[in-house]
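# Structure at a glance
One letter stands for each residue in the lines below.
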Number of protein chains: 2
Amino acid sequence: MSQANQPAHPLTMIPGPIEFDDEVLTAMSHPAEAHTSPAFIKTFQETLKLVRNLFISSDPNAQGFVIAGSGTLGWDFVGANLIEAGENALLLNTGYFSDSFADALKVYGANIDEVKAPVGDRPTLEQIEAALKQKTYKIVTITHVDTSTGVLSDVKAIAEVVKRVSPETLVVVDGVCSVAVEEIRFDEWKLDFVLTASQKGVGAPSGLSIFFASAQALEVVKNRKTPVASYFASIPKWLPILQAYEAGKPAYFATPAVQNVYSLLASLKQFATSTEALEARFAAHVAASDKVKDAIAKLGLKTVSIDRASSAHGMTAVYLPEGVANPDLLPRIAKRGVVLAGGIHKDIVTKYFRIGHMGISAVYPKIGHVDNVISAITDSLQELGYSA
Amino acid sequence: MSQANQPAHPLTMIPGPIEFDDEVLTAMSHPAEAHTSPAFIKTFQETLKLVRNLFISSDPNAQGFVIAGSGTLGWDFVGANLIEAGENALLLNTGYFSDSFADALKVYGANIDEVKAPVGDRPTLEQIEAALKQKTYKIVTITHVDTSTGVLSDVKAIAEVVKRVSPETLVVVDGVCSVAVEEIRFDEWKLDFVLTASQKGVGAPSGLSIFFASAQALEVVKNRKTPVASYFASIPKWLPILQAYEAGKPAYFATPAVQNVYSLLASLKQFATSTEALEARFAAHVAASDKVKDAIAKLGLKTVSIDRASSAHGMTAVYLPEGVANPDLLPRIAKRGVVLAGGIHKDIVTKYFRIGHMGISAVYPKIGHVDNVISAITDSLQELGYSA
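Residues numbered from 1 in each chain as written. Chains lettered and ligands numbered in written order. Predicted model: local features only at pLDDT ≥ 70, side-chain atom pairs only at ≥ 80, totals over all residues. Heavy atoms only, no water.

### Concerning the pattern of salt bridges
Close approach of charged atoms allows side chains with opposite charge to pair. Where we set the bar: We define a salt bridge as a contact between a side-chain nitrogen of Lys or Arg and a carboxyl oxygen of Asp or Glu at a distance within 4 Å. Each helix is a run of DSSP H or I of at least 4 residues and each strand a run of E of at least 2, with the numbering of both proceeding from the N terminus. Throughout this description, buried means an accessible area under 20% of the type-specific maximum (1.4 Å probe, protein chains only), exposed means over 50%, and partly exposed covers the range between.
As enumerated under the stated definition, the model contains 38 salt bridges over all chains in all. Among the ionic pairs, lysine 222 of chain A bridges to glutamate 219 of chain A, the shortest N-O distance being 3.7 Å. On the criterion of helical spacing, the pair formed by lysine 222 of chain A and glutamate 219 of chain A is a turn pair, its members being three residues apart in helix 7 (residues 215–222). The exposure class of lysine 222 of chain A is exposed, given its relative accessible area of 65%. Put simply, lysine 116 of chain B and aspartate 99 of chain B hold a salt bridge, and the shortest N to O gap is 3.5 Å.

### What about the layout of surface pockets?
What counts here: Using a grid of 1 Å spacing that covers the protein atoms alone, one calls a set of points a cavity when a 1.4 Å probe fits there but cannot get out, and a pocket when the set is open and has protein on both sides within 12 Å along at least five of seven lines; lining residues are those with an atom within 4 Å of a point. Grid points are joined across faces, edges and corners, and a volume is the space filled by probe spheres set on the points. Gly is placed with the polar residues, together with every amino acid not listed as nonpolar (Ala, Val, Leu, Ile, Met, Phe, Trp, Tyr, Cys and Pro) or charged (Asp, Glu, Lys and Arg).
Reported here for the largest pocket is a volume of approximately 710 Å³. Lining the largest pocket we find 32 residues, and of these Ala34 and Thr36 of chain A together with Leu340, Ala341 and Gly342 of chain B sit closest to its centre. Taken together, the elements giving at least two residues each to the lining of the largest pocket come down to helix 2 (38–54) of chain A together with helix 11 (326–335) and strand 12 (338–339) of chain B. Of the residues belonging to the lining of the largest pocket, the class tally is 20 nonpolar, nine polar and three charged. Roughly 570 Å³ of volume is contained in the second largest pocket.

### Details of the relation of the copies chain A and chain B
For clarity, the cut-off: To line up the copies, we fit them by least squares on C-alpha atoms, keeping just the residues with pLDDT of at least 70 in both. Note on definitions: a residue-residue contact is assigned when non-hydrogen atoms from the two residues lie within 4.5 Å.
Expressed as a screw transformation, the operator carrying chain A onto chain B has a rotation angle of 180° and an axial translation of 0.0 Å, and the superposed copies differ by an RMSD of 0.0 Å. Given the turn and translation reported, the copies of this chain are related as if by a two-fold rotation axis. The position closest to the rotation axis in chain A is occupied by the C-alpha of glycine 69 of chain A, lying 2.2 Å away. When you check the interface residues of chain A against chain B, 100% turn up at the interface there too, and the contact is symmetric in its surfaces.

### Describing the packing of helix 2 of chain A against helix 9 (residues 258–268) of chain A
Residue and element names in this part refer to chain A. Using the following cut-off: For helices, the fitted line uses only the C-alpha atoms of the stretch in contact; every axis is such a line through C-alpha atoms, and the angle between N-to-C directions lies from 0 to 180 degrees. For classification, angles of less than 35 degrees are called roughly parallel, those exceeding 145 degrees roughly antiparallel, those between 65 and 115 degrees roughly perpendicular, and all remaining angles oblique. Two helices that cross are described as forming a left-handed crossing if the nearer one is turned anticlockwise from the farther one by less than a right angle, and a right-handed crossing if clockwise.
Running from N to C, helix 2 and helix 9 cross one another at 45°; their axes reach a closest spacing of 9 Å. As summarised for this structure, helix 2 and helix 9 are arranged oblique, according to the angle between their axes. At the point where helix 2 passes helix 9, the crossing takes the left-handed sense. Between helix 2 and helix 9, the residues in contact are Ala39, Phe40, Thr43, Phe44, Glu46, Thr47, Leu50, Val51 and Leu54 and Val258, Val261, Tyr262, Leu264, Leu265 and Leu268, respectively. Taken together, the residues of the contact of helix 2 with helix 9 break down into twelve nonpolar, two polar and one charged.

### Side note on the packing of aromatic side chains
Operational definition: Centre distance within 6.5 Å is the pairing criterion for rings of Phe, Tyr and Trp, where only the six-membered ring of Trp is used; planes under 30 degrees apart are then read as stacked, over 60 as edge-to-face, and the remainder as tilted.
The full count for this structure, using the stated rule, is 34 aromatic pairs over all chains. When the centroid spacing of 4.9 Å and the interplanar angle of 55° are considered together, the rings of phenylalanine 44 of chain A and tyrosine 245 of chain A count as tilted. On the criterion of sequence distance, the pair formed by phenylalanine 44 of chain A in helix 2 and tyrosine 245 of chain A in helix 8 (residues 235–246) is long-range, its members being 201 residues apart. Like tyrosine 245 of chain A, phenylalanine 44 of chain A is buried. Pairing phenylalanine 40 of chain B with phenylalanine 44 of chain B gives two aromatic rings, centres 5.5 Å apart and planes at 35°, and the pair type is tilted. A residue pair is termed a helical-turn pair when its members lie 3 or 4 positions apart in one helix, as phenylalanine 40 of chain B and phenylalanine 44 of chain B do in helix 2 (residues 38–54) at four residues. Each member of the pair, phenylalanine 40 of chain B as well as phenylalanine 44 of chain B, is classed as buried. Among the aromatic residues, ring-to-ring pairing joins Trp75 and Phe101 of chain A together with Tyr231, Phe232, Trp238 and Phe253 of chain B into one connected group.

### Considering the sheet that holds strand 5 (residues 139–143) of chain B
Residues and elements named next belong to chain B. Put simply, the test is: Strands pair, by our definition, only if DSSP identifies at least two bridges between them.
Here we have seven strands laid out as an open sheet, ordered 2-10-9-8-5-3-4, and mixed in their pairing. Bordering the open sheet on either side are strand 2 (63–68) and strand 4 (111–116), each of which pairs with just one other strand. Taking each pair of neighbouring strands and ignoring which way they run, the sheet shows an average axis angle of 20°. In the sheet, strand 9 (residues 193–197) pairs with strand 10 (residues 208–213) via five bridges, with the strands oriented antiparallel. Residue pairing in the sheet places alanine 197 in a bridge with serine 209 of strand 10. Across the sheet, helix 3 (residues 71–82) is in contact with strand 2, strand 5, strand 8 (170–174), strand 9 and strand 10; its angle to strand 9 comes to roughly 155°.

### So, the environment of serine 100 of chain B
The residue serine 100 of chain B is located in helix 4 (residues 96–107) in this model. A relative accessible area of 10% places serine 100 of chain B in the buried class. Ignoring sequence-local partners within four residues, the contact set of serine 100 of chain B consists of Tyr231 of chain A together with Trp75 of chain B.

### Regarding the domain arrangement of chain A
All names here are of chain A. Applied cut-off: Where each domain starts and ends comes from a domain assignment, either automatic or drawn from a database. Joining two parts hides part of their accessible area as seen by a 1.4 Å probe, and the buried area is that hidden amount summed over both.
When its domains are assigned, chain A resolves into domain 1 (11–19 + 275–384) and domain 2 (22–270). Computed over C-alpha atoms, the centres of domain 1 and domain 2 are 26 Å apart. Listed as interface residues are 30 residues of domain 1 and, on the opposing side, 30 residues of domain 2. Both faces considered, domain 1 and domain 2 share a buried interface measuring about 2400 Å² in area, 61% of it formed by carbon and sulfur atoms.

### Digging into empty space enclosed by the protein
This structure, assessed with the given rule, holds nine cavities of 30 Å³ or more. As a volume, the largest cavity reaches approximately 150 Å³. Ranked by residue count, the leading element in the lining of the largest cavity is helix 3 of chain B, at three residues. Grouping the amino acids of the lining of the largest cavity by side-chain chemistry returns seven nonpolar, seven polar and two charged. By volume, the second largest cavity is sized at about 120 Å³. Gly71, Phe97, Val176 and Lys200 of chain A together with Tyr252 of chain B are, among the 16 residues lining the second largest cavity, the residues nearest its centre. In terms of residue count, the dominant contributor to the lining of the second largest cavity is helix 3 (residues 71–82) of chain A (three residues). When grouped by side-chain class, the residues that make up the lining of the second largest cavity number eight nonpolar, six polar and two charged.

### Examining unusual backbone geometry
Residues and elements named next belong to chain A. Between glycine 16 and proline 17 the backbone carries a cis peptide bond, its omega angle lying at -5°. With respect to the element layout, proline 17 can be found in the loop between strand 1 (11–12) and helix 1 (22–27). You will see that alanine 180, though not glycine, has its phi angle at about 75°, which is positive. Relative to the helices and strands, alanine 180 resides in the loop between strand 8 (170–174) and strand 9 (193–197). One non-glycine residue with positive phi stands out, namely lysine 190, at about 60°. Assignment of secondary structure puts lysine 190 in the loop between strand 8 and strand 9.

So, in C-alpha cells, the structure goes:
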C-alpha cells in the first residue's frame, strides 16, 4: 500500500471520503471500455463476487448490488422496495443520519416509530424488544455507525432480538460508515439488507451505492402488493442485471460507472478476498481507533459516544474543550496538512469535531496518517493555549 | 487532445461510453479531497458555471445539477418532480429510450399519451400540434437523440409549437445522447428541462447524472400540490445544495462523486468555455457524422434514420446488409481493434448495428478514430464476401 504516485495533498481524515491507495486511484483512470465488453463483464463479475465476501455471505440466493449513486440512494432502495405505503418501520435512532433515513422512508409512505437514544448513546435491547412486541413491523432499521455521533450499534445483538421476537421483520442496516470497518456477518447474523457507499470503509472514490439483499428481502420485494415506488431505485429492474453480470453475461438497465467499478474492484482485492483478510481489516480498525481514542483521552477530551463499547472504529467524534471553537481549531489543524470535519448533529453542531480513520489510514499504520492527525490536534490545541 | 498517456486498448466507438482525452481521464485519479474543502468547492463551482455554458443559458434563475448516478436517474427527476400522479404527459416516441422514459414516468403516476413514429422516423410537427390541442399537458417529453435508432428530434421546432399552443406545458428533453453534440439553446428555445449523463457527448466517464432546469420548471416543483415522490431524486433537496456550491459555499445532502466531478470539469474546460467553442464542437460532430454516413452510403448500406435531417450527429445506426448478421460482423470489427454496438430496438434488434462518433473521436479527426471505424467496417464486410 502506498500513495507514492499521488501529488502532495492535504490529508483527508474526515469520516469519508477517505484517503486512497495508489492502486485504487490509478484504476479510476482505466481507458474507455464498453459496459457490455467481455473485459468489463469480467471486471464487474469479479467485483460482485468480492461483494459477497465483503458481507461474509455464501447464500447464492442473496444478491449484491453496485449502482452509480451515493449512500443516500440506498435509503431510496429501502423505502421504494422493502416497505409499502402504510406499513410500519421501526427506526433505531442514533443521530443525524438516522433522522435522514427516517425522512427518506417517509417519502415512500412508511409509518415510522422510533426508538431514539440521547446524543452519544444508543437504544437498549430491552427498549427494542419492547417496541417490537407492540406492533408488526415490516422492517427494523439500524444505523450501524451514525457518522454524526460516532455511535456504533450492536447489529448482531439487535438482529438476534428482531429474529427471535418478529422473524418476518426485515433487518435493514445502514452500513455507510461501517462496511469494511466494523464486523458484519450477513448470513450468520441473519441480516436482510445492508447498504453502503464506495467512499468510506470500502476505500474507493465516492460515486457508487453498494448494497446486499437477503433471499428473504428479495422475496418481500417480489411479493409486493403495490408496484415498486421508484424507477432508478427499483430492485426488480436491477436484480436481473446484477445476476447477469455476476454470471458473466451483459445486461442493460442503466450505464454502470465503469471506471468507478474498476476502482472498487482494486480496493476489494486488497481485503475482501477471504473472511480472514476481512477479519484482519476489522482488527486493524480497532487498533487505529484505540490509538486515536487513547490520544483523545490523554488530551483530556471526551468523545461524543458515551463509552468504548458504543464507539465506532472508523471515526471518532470529539467534544471541543471549553473555550475552543471549530473555526479556531480546524484551520490550525488544516495548516498542519490535516483536514478534519466539523459537527453535523443539530443538537451539538458547534460543540464537536470529527476524525475519520478508515481504509489505508487504519490498516497501514506505517503510512503515518493517524500519527499526523494526533500531532496536528495536539499541536493546534497547544497553540490555542489548551493543555490537558 | 491526446491519448498518449493511455495504454493500448480497443477503440470504444459505441454510442457511449466514449473514448476519453488524457486530461479527462487523468482527472479521475485526483487524490482524496473532502467534498466540503475549499479546493473541491471551487472545482464544483467552476463546473456548475460551465454547465450553464453547456446549455447556452444565462438565466440566473435556471439551475444546473450534477449528481452521482446515470442518465436513467434523470427520468426519475422528471417523474418525481415535474409531474404529479394523475397529470398528463405527452411523450414523443422515437425508439427504445422513449419507451423507457415512458416506463419511468408511469412509475410516478403520469398519464401518458404518445405520438409514436415508425422506426427510423419522428413525429411530425402537425401531429404534435394536434395532440397538444386535445388536452392540457403538464410536460412534453422529447428524446433528442434516441440511441436505439439514431433518430434526431427537432427540439427547436417542437419547443416552438409547444410554447405557442400551450405555454404552461414544460418542454422536457432527454439529451443523454445529444448534449455537447447537437445544438441546444436552452434559453433561446425556451426549454424547461434537459437531462444528460457524463459518458456521451460530454466526454467524461459514466457515473454522473447532469441536468438543467428552467425558472419555470423550478416554480412548478415549488408549487406542487403533492410532495416530491423521491428522496434521492428530489429537486427541492438538491436545489439549495447546487446553489450553495455555485455560490462558493459547501452544503450537504449526499456525497458528490468528487473524482468524477474533476473529470467532468476537465472535459467541460475543453469546449464549454464559450458559445463559440460549443458551436465549433457541434460543427465538428456534423462533419464526423457526414464522414461516417457518406462511407456507409458508399458501402451501399442504409441508416435506420430515414434521412440526414432526422439523423443524429454523434452516432449512426446502420442496417446490416442482406445475409450478414451481427455475430459474424461485430467480432470481425473487434478483431480490428474497434468496438461497435449491436441493436437494441426490439422491432429490429438483429437487423442493425450502431456506431458512436462523439467527443474527441469527432472533434479531433487527426486521432484517426473515425477512419479506423470506416476501415474496420469496410474490411470486415469484404471478408464476409459483401461488396457494395
